[in-house]
Amino acid sequence: MKDELLKIEKLEVIYKTSEETVQAVNGIDIVLNKGETLGLVGETGAGKTTTALSIMRLLPERTGKVLSGNVTFEGENIFELSDEDMRMKIRGERIAMIFQDPMTALNPVMTVGDQISEAIYYHSEKTNAAGIAARVDKVLELVGISPSRKNEYPHQFSGGMKQRVVIAIALACEPVLLIADEPTTALDVTIQAQVLEMMGELRDRLGTAMIMITHDLGVVAQICDKVAVMYAGEIIESGNMEDIFVSKEHHPYTEGLFGAIPDLASEAKRLSPITGLMPDPSRLPQGCNFQERCSHCMEICTKKNPETYVNGTHKISCFLFKNKEDRGDGDEKK
Amino acid sequence: MYNAISCNIMLVGRFGGGVLVIKYVTKRLLLLIPILIGVAFLIFTIMEFTPGDPAVKILGIEAPQEAVEQLREQLGLNRPFAVRFFDYIYKIVTRLDFGMSWRTKNPVFMDIIPRIPVSATLAFLGIAFATLFGIPLGVLSAVKQYSKSDNVLRVVSTILVAVPTFWLAMLLILAFSSYLAWLPAGGVHSYVGYIMPVITCGGPYGSAILRITRSTMLEEIRQDYVRTARAKGVPNNIIIYKHALQNALLPVITTIGQNFGAILGGSVVAESVFSLPGIGSLVILGIKSKDTPTVIASVLLIAFFFAIVMLAVDLMYAFIDPRIKAKYFKAE
Ligand SMILES: Nc1ncnc2c1ncn2[C@@H]1O[C@H](COP(=O)(O)OP(=O)(O)OP(=O)(O)O)[C@@H](O)[C@H]1O
Ligand SMILES: [Mg+2]
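Residues numbered from 1 in each chain as written. Chains lettered and ligands numbered in written order. Predicted model: local features only at pLDDT ≥ 70, side-chain atom pairs only at ≥ 80, totals over all residues. Heavy atoms only, no water.

Asker: Honestly, helix 7 (residues 189-206) of chain A in this entry has me stumped. Any pointers?
Answerer: At 3.6 residues per turn, the α-helix brings residues three or four places apart onto the same side. All names here are of chain A. Here helix 7 spans 26 Å end to end across 18 residues, near enough to the 26 Å set by a 1.5 Å rise per residue. Those residues of helix 7 lying buried are Gln-192, Val-195, Leu-196, Met-198, Met-199, Gly-200, Leu-202 and Arg-203. In the segment just after helix 7, Gly-207 is the residue with positive phi, at about 70°. (Helix = DSSP H or I, 4+ residues; strand = E, 2+ residues; numbered from the N terminus. Expected span 1.5 Å × (residues − 1). Buried < 20%, exposed > 50% of the residue type's maximum accessible area, 1.4 Å probe, protein only.)

Written out as structure tokens, the structure reads:
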């Protein structure tokens, strides 16, 4: 058995506003081992950021609420820790997060150097100024920014450089788990590749486990060990790289995801983008959440929630697939 | 090598920035001239159209007609409006001569200058009081949104902002002078005399500061950078006072500056009710006796103070927000 680092069980999260209740995450399970990288994929609004914020316990105080489920990190239940432990031992120390939008994630009136050193200052025992400054320089160099620019303010940096600063803040304390929420979407393609490569190198050097949140299967292919595909707050398919990229068995939504990116080497069946929209998470349908957009939709899909089909490490939540032990007469597989 | 070069560039940048600040301040001060002339014109016109003959006011209603005529001639009141206005401006520009008070026959600044310390003391104490309770309570109110203390603060500050100053002043006098007899009802023979005027001025202004602090803080603590700071494990009070408050401070400082300018000009009501010999009560006195030179000069002084405070506020912006600094002081 590999070392289990993070385990999410049956996590359910809602956002409750005066008008509506959004079911953002609906009972997901994730297991991540030390040093592994998980790609969390899904279209906008699938609940990826919400999942990440739940792990950090940073959901918006008034509206966001964990209904049920557990997050276990290094054997400790995150939801049972005190606020002070959460701040001292978890946030910025053991788990760090790279936020989605680098344009707003930095404090506009503080120098980038100060913003990085803060992350170090509140976690290291020996808080001597020179030592902290040296570590700030080191981490800036690591992300490819000249340390001589640490006295500048965020507005003096380009978007890509801001993203690097955000990454530097997350890496400053060498976390055990790094949650990267679309670290490259704000960047142009060339910088994207650079940043990804850099993150891959860092991970290999520091042995950090990573959750890489993205829309982009290309990113997943480049950096991940495992993939979980999210749809309307559920993980509808998960597995290792082989399960997702090589296996022929897929959830219709995953098929659609592959169809949505042009792939020169692939066969014709991967060329149709998904039509329609994700259901409104404040009004989820009965049965499978994907039914309205699914070309294989059967009667049972509109009545019951799909069961999970397990084939080794590969899991798919869809009635198209049946587990061996459930299989009665004949092979109903598509 | 690299460091030496960048260090040089920084020094040049600082120096250049300094020169730019001086340039900027000079520009703003020059801009004051047309503004002050405009203010003078406005007051001149208003005084012109208010009823009552200054000569009659000075000599009394009983005075014989010839005496009034003679005085009008003497004061130059028989010349056309435009001529009098340009004459007034001309004398200020060439000789810094703001004229003579028609009421006391002194050069106007002889009457004004002794009153400046009173208004200035009231302004500084008032704004210090307002800021010292406005900002911390505003932050508290925002951080504990919808709590009991927030509700109480919101109600009290709304009332204080809405209540007429003179009514507040009279309530204070009633309570602390008439009933409890703790404080003098007027005059500034000692600093104790300032307590009620400071509360009268500072209370409503402080409430305005409290309200703006609360609303901008509520906005700021929902910003992404606050979440980033929390994700770093920064303690809560540091997030609030260092991260959020510094960003929330711009509109707060504008409010403080505006109020400061207003009080500095002499809170007319507070000075009258508590009979403080400040600039505000001098303006009232001048208006009552149609003493145009005193009124114009006082108002010009108030406008000048106000403009200087606003300039200081703008400079403070640049100090707090590096983006504004970059825009005004580093460009070119
Ligand atoms: N603060 C909030 N209040 C109410 N609803 C919210 C809030 N934040 C997110 N939601 C809703 O929760 C659902 C999941 O949002 P989430 O941000 O987790 O999506 P995401 O997968 O990260 O999307 P994206 O790829 O666009 O970042 C969405 O329907 C969204 O509208
Ligand atoms: Mg997101």
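Asker: What is the right way to look at the pattern of salt bridges in this model?
Answerer: Between side chains of opposite charge, pairing is possible as soon as their charged atoms come close. For the structure shown, the criterion picks out 25 salt bridges over all chains. Measuring nitrogen to oxygen at the nearest pair gives 2.8 Å for the salt bridge that ties Lys150(A) to Asp137(A). Taken together, the residues span a long stretch of sequence, with Lys150(A) in the loop between helix 5 (129-142) and helix 6 (159-171) and Asp137(A) in helix 5 at a distance of 13 residues. Judged by its relative accessible area of 19%, Lys150(A) falls in the buried class. The salt bridge partner of Glu299(A) is Lys303(A), with a shortest N-O separation of 2.6 Å. Glu299(A) gets classed as exposed once you look at its relative accessible area, which sits at 59%. Here Lys303(A) falls in the partly exposed class, since its relative accessible area comes to 47%. Salt bridges linked by common partners bring Glu118(A), Lys232(B) and Lys242(B) together as one network. (Salt bridge = Lys/Arg side-chain N within 4 Å of Asp/Glu carboxyl O.)

Asker: How do you make sense of the domain arrangement of chain B when you look at a structure like this?
Answerer: The accessible area lost on association of the parts is a frequent measure of interface size. As far as domains go, chain B holds domain 1 (55-97) and domain 2 (113-331). A straight line from the C-alpha centre of domain 1 of chain B to that of domain 2 of chain B covers 39 Å. (Domains from an automatic or database assignment.)

Asker: Where do I start with the nonpolar core in this structure?
Answerer: Leu177(A), Ile179(A), Met199(A) and Ile211(A) are the most contacted members of the largest nonpolar core, which has 95 residues in total. Here this core gets seven residues from one element, more than from any other, and that element is helix 6 of chain A. With residues near it in sequence (within four places) discarded, Ile179(A) still touches Ala52(A), Ile55(A), Met56(A), Ile95(A), Ala96(A), Met97(A), Ile98(A), Ile211(A) and Ile213(A). Of all hydrophobic cores here, the second largest spans 44 residues; its members include Ala130(B), Ala142(B), Ile239(B) and Ile263(B). (Core = buried A, V, L, I, M, F, W, Y, C linked by side-chain atoms within 4.5 Å. Contact = heavy atoms within 4.5 Å.)

Asker: Explanation requested: the site of ligand 1 in the structure shown.
Answerer: All names here are of chain A. Surrounding ligand 1, one finds 15 residues, the nearest of these being Thr-44, Lys-48, Thr-49, Thr-50 and Gln-100. Within the contact set of ligand 1, an oxygen atom lies 3.0 Å away from a backbone nitrogen or oxygen of Gly-47. Taken by itself ligand 1 offers 640 Å² of open surface, and the protein chains cover 71% of this. Listed by contribution, the elements that provide at least two residues to the shell around ligand 1 are strand 2 (21-33) and helix 1 (48-56). By residue number, the principal contributor to the shell around ligand 1 is helix 1, which donates three residues. Partitioned by chemical class, the residues of the shell around ligand 1 number six nonpolar, seven polar and two charged. (Near = heavy atom within 4 Å. Polar contact = N/O pair within 3.5 Å; in protein donor to acceptor, adjacent residues only side chain to side chain. Areas by Shrake-Rupley, 256 points an atom, 1.4 Å probe, with all protein chains shown as cover. Nonpolar A, V, L, I, M, F, W, Y, C, P; charged D, E, K, R; others polar.)

Asker: Would you mind going over the pairing of strand 9 (residues 226-231) of chain A with me for this structure?
Answerer: Each regular strand shows side chains that alternate between the opposite faces of the sheet. Residue and element names in this part refer to chain A. Buried residues dominate strand 9, accounting for six of its six residues. The two faces of strand 9 match: Lys-226, Ala-228 and Met-230 on one face and Val-227, Val-229 and Tyr-231 on the other face are all buried. Taken together, the six bridges between strand 9 and strand 10 (residues 234-240) define a ladder with antiparallel strand orientation. What sits directly across from Ala-228, in strand 10, is Ser-238. Between the antiparallel neighbours strand 9 and strand 10 lie two residues, among them Ala-232 with a positive phi of about 45°. (Pairing = 2+ DSSP bridges.)

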